[in-house]
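# An overview of the molecular structure
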Amino acid sequence: AFSRFRDDENLIDASLGALNTKRNNLPNAIARLQDELKKTRKEMDELKLKIALGGQQSAGGDGDSDATREIGGVKVLAKLVDGLDANGTRPLSDTPLAPLKSGVVVIGRKDEGKVGLIVRVSDDLTSRVRAGDVIREIAPIVGGRGGGKADMAEGGGTAPDKLSEAIDASYGVIERMLN
């Protein structure tokens, strides 16, 4: 028991030194580090998404890029992104929508042999284009399915080689909905 106690004390002392804190502040120091880590991960995911989307959300950008098209007066951005997993893409899927102000965003990603799709529609367009309907049409192209609400929908599949085809098809799907 004494040996175990001594090992625990050594571990605590090493932790206090690494965290540069006093014993009675150890829980607060750990909580602070966890908060900083969470914030840093979110910032990293935001930067990854900006890089994946070609940096189009940089200051002063209006969201236009090679992948943004105007269909029936509506801006539509359909893009393949690399380096993001579902946890990084989902909460940040509205990032490319912000500079468009009014429009539709379709993001596709590959991750370990699977495909993920997210569709976001600005609130002013949900009566004309429903994200859930878009995802239900493009997800089968990648061998999957999906669903969601009018403003946001997710889907996936198991055919990563068809992801570009699904992203390209989204323009046609949205055009049919707008007509």
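Residues numbered from 1 in each chain as written. Predicted model: local features only at pLDDT ≥ 70, side-chain atom pairs only at ≥ 80, totals over all residues. Heavy atoms only, no water.

### Topic: the overall build of the chain
Counting its secondary structure elements, the chain contains six helices and six strands. Mapped in sequence order, the helices and strands of the chain form the string α-α-β-β-α-α-β-β-α-β-β-α. A separation threshold of at least 6 residues defines the contact pool for the chain, and within that pool the share at least 24 residues apart is 56%. Of the roughly 10400 Å² of accessible surface on the chain, 49% is carried by carbon and sulfur atoms. (Helix = DSSP H or I, 4+ residues; strand = E, 2+ residues; numbered from the N terminus. Contact = heavy atoms within 4.5 Å. Areas by Shrake-Rupley, 256 points an atom, 1.4 Å probe, with all protein chains shown as cover.)

### What to know about the nonpolar core
General note: in soluble globular proteins, nonpolar side chains tend to be found buried as a group. Counting 27 residues, the largest nonpolar core has V104, L117 and V119 as the members making the most contacts within it. Where this core is concerned, the elements lending two or more residues are β2 (74–81), β3 (103–111), β4 (114–121), α5 (131–138) and α6 (163–178). For this core, the element with the highest residue contribution is α6, accounting for eight residues. Not counting residues up to four positions away in its chain, the partners in contact with L117 are I107, G108, I135, I138, A139, V142, A153, E154, G155, L163 and I167. (Core = buried A, V, L, I, M, F, W, Y, C linked by side-chain atoms within 4.5 Å. Buried < 20%, exposed > 50% of the residue type's maximum accessible area, 1.4 Å probe, protein only.)

### Focus: the pattern of salt bridges
Using the criterion set out here, one finds seven salt bridges in the structure. Among the salt bridges present, the one from E9 reaches R23, with a minimum N-O distance of 2.6 Å. A residue pair is termed long-range when its members are at least 10 positions apart, and E9 in helix α1 (residues 2–19) and R23 in the loop between α1 and α2 (26–52) qualify at 14 residues. Taking relative accessible area as the criterion, E9 reaches 21% and is therefore assigned partly exposed. (Salt bridge = Lys/Arg side-chain N within 4 Å of Asp/Glu carboxyl O.)

### Observations concerning the environment of G108
Along the polypeptide, G108 turns up in strand β3. For G108, a relative accessible area of 0% puts it in the buried group. C-alpha separation for the pair G108 and A78, spaced 30 residues apart in sequence, amounts to 7.9 Å.

### Digging into α6
Compared with the 22 Å implied by 1.5 Å per residue over 16 residues, the 23 Å span of α6 between its first and last C-alpha is a close match. Along α6, the largest kink reaches about 25° and is centred on A169. Those residues of α6 lying buried are L163, A166, I167, S170, Y171, V173, I174, M177 and L178. Residues of α6 that are buried sit in contact with β1 (68–71), β2, β3, β4 and α5. (Expected span 1.5 Å × (residues − 1). Bend = angle between axes of the 7 residues up to and from the residue.)

### Some details on the sheet that holds β4
If you walk across this open sheet you meet the six strands as β1-β2-β3-β4-β6-β5, and the pairing is mixed. Of all the strands in the sheet, the pair left with one neighbour each is β1 and β5 (145–148). Neighbour-to-neighbour, the strand axes of the sheet open up by a mean angle of 15°, direction not taken into account. In this structure, β4 lies alongside strand β6 (residues 152–157), joined through six bridges in antiparallel fashion. Residue pairing for β6: R120 is matched across the bridge by M152. Sheet contacts for α6: β1, β2, β3 and β4; angle to β2, the most-contacted strand, approximately 165°. (Pairing = 2+ DSSP bridges. Axes fitted to C-alpha atoms, helices over the stretch in contact; angles between N-to-C directions.)

That is the geometry; function is a separate question.
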